[in-house]
Structures are given as structure tokens and as C-alpha cells.
Amino acid sequence: MPLCPIEFGGAVRGAVVGVAGGVVGHAAMPTPLGVAGGGAAGTVAGYVASGEKRRLALLQESLARSNALTSGMVSTLDNFERKLKSLDELVTPVYEATNELSLLLNNVNKSLTLIDSVLHYYDICVELKPTVSSGPGGNLTDYLAELDRLEDAVKYFKHVTAVAEGERVKQLYDLGRKRLVEETDKLILRYANPLSPKEVIELCESVNTTNKNDIHSMQEADMATLRAIIEWFSLHGFRQGLIDSYAIKRGTMIRRSLQLLEEHVRKTSIRRTSTISVTSSPNMSQHGQSNSDTLRKQGRKFGRFLTPEMSRRLIRSPATNTLPRGVNSSLSSSITTMDDTVIIETSNDHDTNNYILLLDAFIALLQRDRDLLNYVFPNDLQSRVFTKLIELPLVHMREVAVSLCESIEHLPHKLDAAKFAVYGLFSILQWFIKSRPTFSKLFQESDIPQREQFTILSATFEQSAVNCLLGILEEVRSDSSQPSQGGNVHPLTSHVLAFMEGLLAYEDAAIIIASMYVEQEQRINSVGLSGTEKGLYDLGTYFAQLVRWLHASLSKKTDGYISRHDITIRAIFLLNNVNYLLKRLENSPLLAIIQRCQPDLKSKYEDDFQMSLKDYTRCYTPLVIAIQQMLEYDNVNRLSDGKLRDRDREQLKESFASVNIAIDNLRQQCQEYIVSDVDLRYQLRTEGKMLIMDMFKTYYNKFSNKDFTKNREKYIRYDPRMLESIIDNFFENRL
């Protein structure tokens, strides 16, 4: 630190005085020779004394000069100190004034800068109004920078009292944001025109062939502009309105595209395969696959439930050739053919196929917009935008689903003409099951609300399918149709079995719906089972109940036969239906499924078959009685081989007449019956032969050669060969 002038002079003066004192002290130091002085020699003492005096004189002289020098130096230093002090008194005020001026200058500069910035806020409206009012145009970056400047001005005027100017700035800022939103709407609307039905169908078909769903249908420059605007709004806290605007416009576009497609397919008949997951409902043979193809597909699905012997058996197609000879189905009368497309007048199968097409289109359109979100919105906004975007199209899909389900539930004849509509419900459920991977791609793990919305949509069809199963049970229980002509297989039997076989084509959906049915209606739980095993058990429970109601309805129908042959025709009716039921069950996976919950079903109906078989053989009773009466008469009266007594001849005439009448009645009766199954026909003939042929041969051989009449052709009309031939021609009724 530099010394002031006064301090510097005092220091120099002190140094000079110190040097002079040192000189004097050195001169006063005693010589060593003085120590050796003694009284020995006076001369020496005198000589020493004179020497000391000279030194003392020299020292005094030196001291005097030193004092003079010191005084001169002190005087000089005092003078220098006075000058330094006067200089200090002159410099210090100047230095302080300079510092004060520098501070004032700095304050002035800051004030000028602040004034410039404040004046900028007041001038910004005039400066930016033309540009902001006209919108971003083609220079979005500069426009966003100008909006940032306006935002700073808005923040400034919040802290000052210039209310009017602040309001003008805020209005201009709001106008700029409005123009930015308008630019966004313009970009969105540019690509928000609904797709034509043809474009939607092509988009659906492209899902399986390409991985890109035309996400660049929006130009890259427009996507970059839209993303920049969205990011700006996100940073400035105004994003919700933009999200709503984008989502509503894109959602409206998707909904309108679906509506146009729905109107299109309603006017045309479209048969197609779902591009995402499942095929449409099974149709009749005109739509392509043969009976054996149907069997092989069903056999592969349920082969694991069958023995090797059962799996080699054949079943008929559930959609065609299910009725035995002579049975007319109401389905066949309601079919018309137009342009190689089969239309069922009372069925909504085409509606369910169309809905699957709508589902395919719905998912394809959502995938397209989901991909577009990756290019337009930041990651943290994509989920929110997508949630809002799907609301309108999802509401439309739900409305169509509810309408479709209600129309199918109100259809009559669900076992017959309307069964394809019921199958359509299950095909839609298959679509939902097999489309789960697609949903996983659309939604992230955190998108639980969106997945629940789709669950509600599928639940609509699930409950409708349960209601249809209940309706089918009620149809079977309350069926009031008359028994079949000639005791043939009733159409109800064929329809029930065909429906169950057709339902096997939708295994995944069927076991889910069967479990829902069991839980809702029977309120039981398959203890110890889970997953597919539980579903198959519940499906078997429903099938078993359906078969029980069928058998009860058939038994009730036997009261409809009003003739003198009631017992026999009832037996034929039950034999035909039970035999048909057992054969169809054995030759399909149905029996294996039903036996999961009711292992004794087959043996129970086999017992019923044997009881009906015994009832049938009663039709031979009049013939048996006529023969036995004559044999008993012979045992008592021992008819002669020669000439007969009159009463014996009369007895033989009456006996042969009774036998002839019994055979005539039996032939007429059995020829009126219809037994379509070849094996059953053979079995019934065999049972009849076993019952009557040995007895008739004995009767014929014993009495035909006796001489009881001259008109033998009148009484002996049938021999064993003829009777056997007659029995072999039973049940050959031709309609």
C-alpha cells in the first residue's frame, strides 16, 4: 500500500537520526589498550591520553557534521512532507469526484437501456400488428419469434399501471395465437376429408401387405409446420385447445369415413375375409367350402378331445344337407340367389359381416392416425391426443353394435333361418379375441381407459350372444310345430344339431360365452377347472341342456299323432330322432364335449332308443296273436292231416283271414312311416323278421297244406318268402 507524503517524510527523518546516533556511539567505544593501563609508566599514560583527546575531538567534529546533516535532512523532509500533504489535499477530492461521475454515467446508461426497452414495449403493437394480423404465412419461425416478443410485453404490462397499452398488447397477442390456431386448423382440415369406401377398403387390404399405412399422406413440410406450432403451444401452456381441435377434426374424419363405408356396404353384398384377424360367418355351400372341408377344420380344432377312431369319422356340414329325406326346412324356402350371392331374407349374416368390415376399417384408420401422431405430437402428448381422437368413432361403433345386437336378438327362428346371424355374433367376438395383439400395438401399457372402452364394445356382443343362447333354448322348449309326417326326423332335431356343430367353428368365443351363460343363468362354477378346460366344460353344459330340452320337446310332440296307430308312429318318431341325434353326436366333437359334464348322456339315449324299439315291435302284435291263437288251437284240437272237421276248417279260414288282415295292415302301416337312416331301416326290418319270421314259417308249414278250402288263393295269400319281401320293403315311402 503506498505511503502518503507525511508518512513518507517521517520515515526518512527517523532513518537519518538513527544513522547519526550510530556514528556517535561508535566513536565513544573504549579502546582495548585502555584496559592494560597501570601505574607502570607515566609516559605511556600521557601518550595515551593525548591520543584519546584527538579521537574525541574527531568524534565531536563528526558529530557536529552529522547533526548538521541531520538537521538539514529533517528540514528537507519536513518540507517534502508539507508538499505531499498539500498534494494529497488536492488529489483526493478529484478522485472522489471521478468515482461519483463514473457511477452516474453507469446509471445513465442503464436508464437509457431501460427506457429503450420500455419504449419498445409501447411501440411493439404498432411494429408487429401488420405481421401478426396477417398470420404466419410461409415464415413460421419469424412469426413464432414475434409472438415470443409479444408475450414478453404482456408479462411487462402486468406489473405496470399502463392498463390501456397493456390491453392492446394482450389483444394483439391473443390475435396472434388465434391466427396460429387458424393455421393449425387449416393444415388439419387440408387432410381431414373423409376417405371414400374404396379407399378405406384398400387401406384395410394394405394392412397385411405393407407395414406403412400411408402415414405420409400429409406432406412432410406440413407435418413439420404442425409439429412446430404444437411444440410452441406446449411450451407456452395453451396446448389443450389445440389437442381438442386436432382430435375432434381427425376423429370426425374417421367417423365420417366409417359412416360412408357403412352406407356403401349396406347397399351392396360384400363377402370377404377380415384383413386383421378372423373370417366372416360360415355360409352355405354356394360360398365355397365342401362338407368334408368343414369337417376337417372342425376336426383339427377338437381333435385333441377325440379318440383316433372318433376323429376318423365324418360329419355333415352344419350349414347344408342336414335334413333327412322328406324333411322340409323353412330355411330352404327363404333363400334367393342373386349375382352368385346367397341372401337369407330373415338373417342378418350380411350385417355381421359388414360390421367386421367396419371393425377392420376402424382399426386401420386408427393405426394410420396413431402413426401420424408420432410425427406431429411430442411423446408426452400422443396418448392424450389419441384418447380424445377415438371418442367420436368409438361412439359410432358402439351405436352400430347396439343396433346390430338388438336386431339379431329380436330375430325369430334363431335355430334355422337366423342362425347365421347368431354365428355372426360369434365371428365378431372371434375378431375381438384375435385382434388383441393389434390393440396392444395401438395402446401403451398406461392406456388403460382406452382399452376399457374397447372392452365395453366387445362386452356388448358378449351379452348379446348370451341372450341369443338363452333365446335358442327357449325356442327349443316352446317349439309348437307338429310332429313330422310319417314319424320322420323332425326339423328341430336337425336344426339343434346343425347349430351346435356350426358353433364349434368359433371355439374361442363359444367357450367364453358358454362360461358367461353358466355363471349368469345357472349360477354354478366349474370347481377345479380353469381356462380352456373350464370353458369346454361350460360349453358341454350348455349343449347338454340344449339336447335335454330337445328330447323333452320331441317327447311332447308325439301327442300330436292322432290315429289308431298312435303307439307305433310315436315309437317311429322317437326312434328316428334319437337315432339321428346319437349318430350326429358320435360323428362330431359334440359328444366328447358334452361328456365332459354328462358322461352318461349316450347310454341314457341308447336306453331310450331300446324302449322305443320295443314300442315299435308292438305293431306286429296282431299278426303274432293271430298265429299264436291258431297254434294253440292246434295244440288243443290236434288237427288231422286228412279230412278236417267243419269247425276246424272254419277255424283255419278265420285264422288265415286274420293273418292276411294283420299282414295287410302291417304293410300299409309301415309303408306310411319314413325311416331315412339306412342302418335304422335295416335294424327295424331285422327286428321284425326276428320276431315274426320263424313263427310265421312254422304256421305256414303246418297249416297251409291242410285241406280246409277250395279257394286257397283267397285265404293263403302270403308265404314266408312274400312276407320277408314285404318286410324288406317297409319304410320305402316316397314323397
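Throughout what follows, the structure given in this document is the object of discussion. (Residues numbered from 1 in each chain as written. Predicted model: local features only at pLDDT ≥ 70, side-chain atom pairs only at ≥ 80, totals over all residues. Heavy atoms only, no water.)

1. A closer look at the nonpolar core
To keep things clear, this is the line we draw: Residues grouped as a nonpolar core are buried Ala, Val, Leu, Ile, Met, Phe, Trp, Tyr and Cys residues, joined through side-chain atoms within 4.5 Å. To sort residues, take the accessible area from a 1.4 Å probe on protein chains only and compare it with the maximum for the residue type: under 20% means buried, over 50% means exposed, and anything in between is partly exposed. Put simply, DSSP H or I for four residues or longer makes a helix, DSSP E for two residues or longer makes a strand, and each gets a number counted from the N terminus. We call two residues in contact whenever any of their non-hydrogen atoms come within 4.5 Å of each other.
Judged by nonpolar contacts, the single largest core of 175 residues is most densely connected at Y355, F426, F461, F499, F543 and Y616. At 14 residues, helix α10 (residues 349-376) tops the list of elements feeding residues into this core. When sequence neighbours within four positions are dropped, the list of residues in contact with F426 reads A465, L469, L503, Y506, A509, A510 and I513.

2. A short note on the packing of aromatic side chains
The criterion, for reference: Here a pair means two rings of Phe, Tyr or Trp (six-membered ring of Trp) with centres within 6.5 Å. Their orientation is stacked below 30 degrees between planes, edge-to-face above 60, and tilted elsewhere. In our convention, an over-ring charge means Lys NZ or Arg CZ found within 6 Å of a ring centre and within 35 degrees of that ring's normal.
Overall, the coordinates contain 17 aromatic pairs when judged by the stated rule. Ring centres of F656 and Y699 lie 5.1 Å apart, and the angle between their planes is 45°; this geometry places the pair in the tilted category. Of this pair, F656 sits in helix α23 (residues 646-672) while Y699 sits in helix α24 (residues 678-703), and the two are 43 residues apart along the sequence. Comparing F656 with Y699, the two get one shared label, buried. Here the aromatic rings of F708 and Y715 are separated by 6.1 Å at their centres, their planes lie at 65°, and the arrangement is edge-to-face. Taken individually, F708 and Y715 each receive the classification buried, so the pair is uniform in this respect. Three or more aromatic residues joined by ring pairs make a cluster, and in this case those are F656, F696, Y699, Y700, F703, F708 and Y715. Over the ring of Y605 we find K604, and its NZ or CZ is 4.7 Å from the ring centre.

3. Side note on the side chain of K706
Positionally, K706 belongs in the loop between α24 and α25 (712-715). Other than its neighbours up to four places away in sequence, K706 contacts L639, S640, D641, L644, L652 and R712.

4. Regarding helix α21 (residues 601-616)
To be explicit about the condition: Take the residue count of a helix, subtract one, and multiply by 1.5 Å to get its expected span. Think of it as the arc spanned by the lines of direction from the helix axis to the C-beta atoms.
Taking 1.5 Å of rise per residue, 16 residues should cover 22 Å, and α21 covers 23 Å from first to last C-alpha, within 8% of that figure. Listed as buried for α21 are L601, Y605, D608, F609, S612, L613 and Y616. In an axial view of α21, the angular spread of the buried residues amounts to 145°, which keeps them on one side of the axis. Residues of α21 that are exposed and point over 90 degrees away from its buried face: M611 and K614.

5. Observations regarding the pattern of salt bridges
We apply this condition: By definition, a salt bridge exists where a carboxyl oxygen of Asp or Glu is found within 4 Å of a side-chain nitrogen of Lys or Arg.
In the structure shown here, the tally under the stated rule is 25 salt bridges. Note that R55 and E52 form a salt bridge whose closest N and O atoms lie 3.2 Å from each other. Residue R55 and its partner E52 are both found in helix α2 (residues 42-134); the two are separated by three residues, about one turn of the helix. In this structure, the salt-bridge partner of D677 is K583, at a minimum N-O distance of 3.1 Å. Separated by 94 residues along the polypeptide, D677 in the loop between α23 and α24 and K583 in helix α19 (residues 566-586) bring together distant segments of the chain. Salt bridges linked by common partners bring E519, K534 and D538 together as one network.

6. Some remarks on unusual backbone geometry
In this structure, H413 takes a positive phi of about 55° despite not being glycine. Mapped onto the elements of the fold, H413 is located in the loop between α12 (391-409) and α13 (419-434). Positive phi values are uncommon outside glycine, yet R638 reaches one of about 50°. As for its position among the elements, R638 is in the loop between α22 (621-637) and α23.

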